Amino acid sequence: MSLKHLSIIVLPFDFINSKENNPFDLDRKFQLKDNTSQINEFKEELLKLSGVGKIIDKKYHPHITNNLISSGLNNIDSSFLNFYKINADVLREKETLKIANKWSADYTKYSYVILNEYAQLGYFVFGIEMEADPEVSIKDLSELVFFRFYRNEENTSKNKYAMLRQVTGQSVSETKVEDKLTFEDVINSRFNTLLPFIKFRYDRPMLLHLLKNRESINISDLNCYLYNSIRMPKNPLSPLPETKGTYTNDMDYIRHTGSGVSICVLNEGAAIIDEVPDDLKGLFNKYFPAFILALNQREIMLQINQYSSQLKSIDFKNSDPEILEFLRDLKSRIDIYQFKQVFYSVSFFDEIVLFYNKLQNAFNIDILLKDNKECLSSIFTLLEENRLHEEEKQRKDTSIAQEKRDFWINTSLMGIGCLGLFSFFKDLIPFSLDDQPHAYFGQFSIYYKLFSSISPFLVFWVLLRIMRKNKNK
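Residues numbered from 1 in each chain as written. Predicted model: local features only at pLDDT ≥ 70, side-chain atom pairs only at ≥ 80, totals over all residues. Heavy atoms only, no water.

> Please explain the confidence of the model for the chain as it appears in this structure.
Looking at the chain as a whole, the pLDDT averages 77, with 67% of positions reaching at least 70. Mean pLDDT values over the elements of the chain span from 54, in helix 2 (residues 61-68), up to 95, in strand 10 (residues 206-211). Contacts of residues 242-250 to residues separated by more than four positions or lying in other chains number 15 contacts, the stretch itself having pLDDT below 50. (pLDDT = per-residue confidence, 0-100. Helix = DSSP H or I, 4+ residues; strand = E, 2+ residues; numbered from the N terminus. Contact = heavy atoms within 4.5 Å.)

Shown next as structure tokens:
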């Protein structure tokens, strides 16, 4: 029986806000900007090439939506992954496509564009149906260099990383370089209207190999073959590891389930052998959602890390309100994605739970999540320390300024008091010698003069007592 399988290439990309753009130029700076308008324009062009978008994680949508409403997110659906199936007519080739002249290839049935609008991330997904010649085995797949790159810059000769457009009766030796097709060629020719809005994140694709045929291969060799079918050495000419005696138990990358499923997961992708689904579509529907959900979580965590690394120390010192609002938004995103992760870990199939958990570990999602949370917590702590420092400094400055004001006020009052005291004593002797009060009070006039002389001091003493009493309350 010939080897027939589905190999899925996933190319993550960011949305950008730039008039001049080369999506394949990976040297870029991350900008903290809202690209909502660019995403809307992108979707308008995308809908001309695809069907209407659907939520890929629809299964858990009601549960998560009910809990996200309290988060204040305006557009709940934007936080989910929406997939747009590319119309087959957009991708169909006139000639037969061959890979390494051993596999016939068709990527028209399982090609999508997947969007996460809330995170402003997207993915090109090309699912390649590969049917091999009868003598081809999994070992040949592990030696295939076709999946190593997708850009022409890394593939100038187009002799290793391209599919062949093979006309009937044409031999491989007659196939010209211009008749070979890379996925950069596919994207440039079929999706040229989408390119002004995006920037690819990596120079190599993420891979998911889904196989139905289980050959009579010993565990050690199968471990090696599946590993090499995913692992992407920078130098494709470097020799592959020997198939026997190379891997110890500590280097066993495959997990076998009780249902007979073999799963190999690395940081660069995964390979699965499952004979239960009836066809490749069943394999795709069973495993791809978990794969893209885990990959999306990793890309979000990396994106948050990249965004937070753009902040400068001057931003922390100034405690810019926009920076604070942005940090709160990042923290909210982390909480939302951590919350969603709980639901995705639930499945009735043991192999799906195992696959998803291995993806979580291989992609280091929990570590990235913890690092991002600790990073943002440290930033918030630093901002709080800066705020308290600024408040203390402002309090001291205010206190010094108040002391200066009090000094001049007290000096002025002292001057006024001296003038008043001078006037008081200047008028006291004439008042004591004045005989007019005697005409009214007679012999009691002496008491009137004494009371009038000491009454200002009594009033001052009473007012002082009242002020001190009110101050101590």
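> Explain the nonpolar core here, please?
Among soluble globular proteins, nonpolar side chains are generally buried collectively. Ranked by internal contacts, the top residues of the largest apolar core, which has 57 residues, are Phe42, Phe124, Ile128, Phe191 and Phe200. With residues near it in sequence (within four places) discarded, Phe191 still touches Leu49, Ile86, Leu91, Phe124, Phe126 and Val186. In terms of nonpolar packing, the next biggest core, distinct from the first, is built from 44 residues, Val10, Leu121, Leu295 and Leu369 among them. (Core = buried A, V, L, I, M, F, W, Y, C linked by side-chain atoms within 4.5 Å. Buried < 20%, exposed > 50% of the residue type's maximum accessible area, 1.4 Å probe, protein only.)

> In this structure, what is going on with the packing of aromatic side chains? I would like to understand it.
What describes a pair of aromatic rings is the distance from one ring centre to the other and the angle between the planes of the rings. Throughout the structure, instances matching the rule amount to 26 aromatic pairs. Both rings, one in Phe15 and one in Phe42, keep their centres 5.1 Å apart while their planes meet at 90 degrees; by these two values the pair is edge-to-face. Highlighted residues: Phe15 in strand 1 (residues 4-15) and Phe42 in helix 1 (residues 36-46), separated in sequence by 27 residues. Residue class for Phe42 comes out buried when judged on its relative accessible area of 0%. Geometrically, the ring pair formed by Phe149 and Tyr161 is edge-to-face, given 5.2 Å between the ring centres and 75 degrees between the ring planes. One end of the pair, Phe149, is in the loop between helix 4 (138-142) and strand 7 (163-166); the other, Tyr161, is in the loop between helix 4 and strand 7, and 12 residues separate them in sequence. The class for Tyr161 is buried, based on a relative accessible area of 8%. Geometry around Phe363 places Arg298 over its ring, the cationic atom sitting 4.6 Å from the centre. (Phe/Tyr/Trp six-rings, centres within 6.5 Å; stacked < 30°, edge-to-face > 60°. Lys NZ or Arg CZ within 6 Å of the ring centre and 35° of its normal.)

> Explanation requested: the pairing of strand 1 in the structure shown.
Side-chain direction in a regular strand flips from residue to residue, so the side chains alternate between the two faces of the sheet. Summarising burial for strand 1: 11 of the 12 residues are buried, a large majority. The sheet contact formed by strand 1 and strand 6 (residues 121-132) spans 11 bridges and is antiparallel. Residue pairing across strands places Phe13 opposite Gly122, the latter belonging to strand 6. As paired strands, strand 1 and strand 10 are joined by six bridges and run antiparallel to one another. Across the sheet, Ser7 pairs through a bridge with His209, a residue of strand 10. Taken together, the three bridges between strand 1 and strand 9 (residues 198-200) define a ladder with antiparallel strand orientation. (Pairing = 2+ DSSP bridges.)

> Would you mind showing me how to read the pattern of salt bridges here?
As a working rule, side chains carrying opposite charge can pair if their charged atoms are close by. Taken as a whole, this structure holds 15 salt bridges when the rule is applied. For Asp274, the salt bridge goes to Lys286, with nearest N and O atoms at 2.9 Å. Of this pair, Asp274 sits in the loop between strand 13 (269-273) and helix 7 (280-309) while Lys286 sits in helix 7, and the two are 12 residues apart along the sequence. Connected through salt bridges with shared partners, the residues Asp14, Arg201, Arg298 and Glu299 form a single ionic network. (Salt bridge = Lys/Arg side-chain N within 4 Å of Asp/Glu carboxyl O.)

> What should I look at first to understand the layout of surface pockets in this one?
To locate leftover empty space, one rolls a probe as large as a water molecule over the atoms. Its boundaries defined by the atoms lining it, the second largest pocket holds a volume of some 390 Å³. As for the second largest pocket, its lining consists of 17 residues, and the residues nearest its centre are Phe83, Lys85, Tyr112, Phe284 and Asn285. Of all the secondary-structure elements, those providing two or more residues to the lining of the second largest pocket are strand 3 (82-85), strand 5 (103-116) and helix 7. Considering every element that reaches the lining of the second largest pocket, the biggest residue donor is helix 7, with five residues. Of the residues that constitute the lining of the second largest pocket, the class distribution is 10 nonpolar, three polar and four charged. (1 Å grid on protein atoms, 1.4 Å probe; cavity = no way out; pocket = protein on both sides within 12 Å on 5 of 7 lines; lining within 4 Å. Points joined across faces, edges and corners; volume = space filled by probe spheres on them. Nonpolar A, V, L, I, M, F, W, Y, C, P; charged D, E, K, R; others polar.)

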